[in-house]
Amino acid sequence: MPNELPFEKPIVELRQKIKELKSLSVGKGIDFSEEILRLEERCKQLEEELYSELTPAQKMHLARHHQRPTSLDFIGSIFTDFIELHGDRLFADDLAVVGGLAKLNGIPVTVIGHQRGKDTRDNIARFFGSPHPEGLRKALRLMQQANKFGRPIITFIDTKGAYPGNTAEERGQSEAIARNLREMAGFGVPIVCVVIGEGGSGGALALGVGNRVLMLENAIYSAISPNGAASILWKDASRADQAAEAMKITAKDLLAFGVIEEIIPEPQGGAHRDLEVQAESIKTAVTRHLEELLAMNATELIEDRYQKFRKIGEFQFVSAEKASEPPALEAEAVTLDEASLKKNSGETLEQDKEAAPQIN
Amino acid sequence: MQIKDLFSKKKYATIPSERPKRDIPEGLMNKCSKCGTIQYSKELEKNLKVCSSCGHHYRLNAWERIAMTLDGGRLTQYDEDMESVDPLTFPGYEAKLEQQKAKSGLKDSVVTGEGTIDGYPVVVAVMSFDFFTGSMGSVAGEKITRAIEAAHSKSLPLIIFSTSSGARMQESILSLMQMAKTSAALSRFQGDGGLYISVFTDPTTGGVSASFASLGDYNLAEPGALIGFAGRIVIEQTIRQKLPDNFQTAEFNLQHGQLDKVVHRKDMKSTLSKLLDLHGVKKEESIDAE
């Protein structure tokens, strides 16, 4: 598999040119240093231009890059004393989710993440990072443990989505996701989530109900994968790039919607270009947020998390139709048909105050 | 002349038939999608929209459900003027919303409010598949969250009738977050002892199935209702094998331990009433008497 993505081709070609010139100048003894310098300058400029203005589709491809660091890579670089723990105590150990105990700057924490495979064999064992119910229930078990012992929880989100299969359905994929959402809302310890690659749908959110949700610069997060959206909207999964544009899946979009708290910058060209630099910047951001959260007590943490999610969503109140209807008729009719039921529906919550379009 | 021309079919002229087509007014009859039995609409309505031949439960819209469930079909509606906006400026979303409103007569995919069931006061949220396939965007998430909060503050039982294709793609991440928002509200409500009965109706999948619908203290379902997380086609494409016929039905879910009970539509109201009674919910009259 090539390491460069299609949109990176101009840079690859330019680098190739520079390499050729260099070998030529060594081999033939001709001095190309001026040209090389110029080309290198051009290459640097091109890279800056390209990577500073990536399209959502290009970011999606970077987020899915086969060399992109996984949860275990980051766990190894950010934490010390990691002990991996296994199994949901109900059915199996799902390798699509990893988790355990570790220390962050000397503080014991519980760390959990979706885990993609490093090669084909590994990917098959890990279901390409798509959890079954047992994976989500393993995560829940570890989080309950963290809650009991008062340890902060750090999660890494990196999945195309919960595994779509008959075995997953039989064992209650929906219930497993739903339960994680509800239980995570109620834990009295700090929860910091980092979207490191692809945040796909319910399988991602099931590790994502945190006080703080951070996102790597090129990571994506959406209700359905762009491929899935394209196949539903246009009956054509190959139009994923187009769907990626429409669905507002980038970190920048999510910051604007108030869904995430911070964008963690990536090394130029993506996280896979420099694991250590990337791990360090994640560590710095997580540490900063954790310090703020550690100052809160359990009740405050639960309230903080509730309010974070409570305010997400955009809607409006439109009562113009009501005003245009003849008011006299409304008070009387008490029949079961739809229209009169609506008219007779009585008082609602402070509607008049919110008659103007509201954005929450 | 080519060989294939030898086999070409002779063309015949068609003469318009003299016999007039039988004149059946639109909507008088209904054909069951399951067994094909044709029934009078009036008859079907009397039978709570359940096929008298095979027991297939027809889909109901929110107002039909409310009429069947709440005393006198009376609902004091919450947030009836709440409507969707287009936060992602998603291509075609606004036009689709207008079309769905016109088609269903609803403003979004859920109706919420208060009413009584055999005198027991309840907060209900009723989803409607005929609005945007019951998909959950910001409005559905917000209305359901407000309904949960109302049940919490008024100490009333909560009943949610779900039917949905899942999160609404056109609001992508905001839709997804409604799953967390509604579940967090349930965490508080149920944590403080609130009673929540969830009723799955056909079909309930995706983000709704994977959030509040699966979190009832009691999870009920109508017979034959499709309940699952991922769609059948997606699964068949992923695992490349044929799935059993009853896959993801209410009965399948009951068998796999995901439901408390599958309840026939004619018994739904009495079952809910019984559950409310078993939790010592006070009837509205007796509250008045005090």
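This structure is a prediction, so every number in the text was calculated from the model and none was measured. (Residues numbered from 1 in each chain as written. Chains lettered and ligands numbered in written order. Predicted model: local features only at pLDDT ≥ 70, side-chain atom pairs only at ≥ 80, totals over all residues. Heavy atoms only, no water.)

Engineer: Hey, could you go over the confidence of the model for chain A for me, with residue numbers and the actual values?
Structural biologist: For chain A, the average pLDDT comes to 87, and 88% of its residues sit at 70 or higher. Taken together, the stretch residues 322-360 of chain A has pLDDT below 50 and engages in 65 contacts with residues farther than four places along the chain or on a different chain. (pLDDT = per-residue confidence, 0-100. Contact = heavy atoms within 4.5 Å.)

Engineer: So, the domain arrangement of chain A: which residues are in play, and what are the values?
Structural biologist: All names here are of chain A. With domains assigned, chain A is organised as domain 1 (6-53) and domain 2 (62-311). Centre-to-centre separation of domain 1 and domain 2, based on C-alpha positions: 38 Å. Contact with domain 1, which involves six residues of that partner, is made by four residues of domain 2. Between the two partners, domain 1 and domain 2, sit one salt bridge. The salt bridge involving Glu8 is made with Arg273; its shortest N-O contact spans 3.0 Å. On the surface where domain 1 and domain 2 come into contact, there are two residue pairs in polar contact (both at pLDDT 80 or more). Per-element accounting of the side of domain 1 that touches domain 2 gives the leading share, three residues, to helix α2 (residues 33-52). (Domains from an automatic or database assignment. Salt bridge = Lys/Arg side-chain N within 4 Å of Asp/Glu carboxyl O. Polar contact = N/O pair within 3.5 Å; in protein donor to acceptor, adjacent residues only side chain to side chain. Helix = DSSP H or I, 4+ residues; strand = E, 2+ residues; numbered from the N terminus.)

Engineer: Hey, could you go over the UniProt feature "domain: CoA carboxyltransferase C-terminal" (unreviewed entry) in chain A for me, with residue numbers and the actual values?
Structural biologist: Mapped onto this structure's residue numbering, the UniProt feature "domain: CoA carboxyltransferase C-terminal" (unreviewed entry) falls at residues 38-292 of chain A. Segment residues 38-292 of chain A splits into 45% helix and 19% strand. End C-alpha atoms: 48 Å apart. (UniProt positions renumbered as here; feature names shortened; annotations may be inferred.)

Engineer: Tell me about the side chain of A:Thr250, and please be specific about residues and values.
Structural biologist: Residues and elements named next belong to chain A. With respect to the secondary-structure elements, Thr250 resides in the loop between α11 (240-246) and α12 (251-256). Among the polar contacts made by the side chain of Thr250, one reaches the side chain of Asp253 at a distance of 2.8 Å. Beyond its immediate stretch of four places on either side in the chain, Thr250 contacts Pro56, Lys59, Met215 and Ala219.

Engineer: An account of the state of the cysteines is needed here, citing residue identities and associated values.
Structural biologist: Working definition: the covalent bond between the sulfur atoms of two cysteines is a disulfide. All names here are of chain B. Applying the stated criterion across every chain, the model contains zero disulfides over all chains. No disulfide involves Cys35; its sulfur sits 3.6 Å from the nearest other cysteine sulfur, which is in Cys54. We note that Cys51 lacks a disulfide partner, and the nearest cysteine sulfur, in Cys35, lies 3.7 Å from it. Cys51 gets classed as buried once you look at its relative accessible area, which sits at 2%. (Disulfide = S-S within 2.5 Å. Buried < 20%, exposed > 50% of the residue type's maximum accessible area, 1.4 Å probe, protein only.)

Engineer: Please set out the pattern of salt bridges residue by residue, giving values where relevant.
Structural biologist: Following the criterion strictly, the structure yields 37 salt bridges over all chains and no others. Here B:Glu236 makes a salt bridge to B:Arg232, at a shortest N to O gap of 3.7 Å. Here the residue B:Glu236 and the residue B:Arg232 both occupy positions in helix α8 (residues 232-239), the gap between them amounting to four residues, near one helical turn. One salt-bridge network, in which partners are shared between bridges, spans A:Arg310, B:Asp79, B:Glu142, B:Arg146, B:Glu149 and B:Lys181.

Engineer: Can you explain the interface of chain A and chain B? Please cite residues and give values.
Structural biologist: Chain A puts 64 residues into the contact, and the matching count from chain B is 68 residues. For the pair chain A and chain B, the summed buried area comes to about 5900 Å², and 63% of that belongs to carbon and sulfur atoms. Broken down residue by residue, the surface that chain A buries against chain B is led by A:Glu169, A:Arg182 and A:Tyr306, which jointly contribute 11%. Along the contact surface separating chain A from chain B lie three salt bridges. Of the charged contacts, one joins A:Arg310 and B:Glu149 as a salt bridge, the two residues approaching to 2.8 Å between their closest N and O atoms. Counting every contact that joins chain A to chain B gives 19 residue pairs in polar contact (both at pLDDT 80 or more). Here the side of chain A that touches chain B gets nine residues from one element, more than from any other, and that element is helix α8 (residues 173-185) of chain A. (Buried area = accessible area lost by both parts, 1.4 Å probe.)

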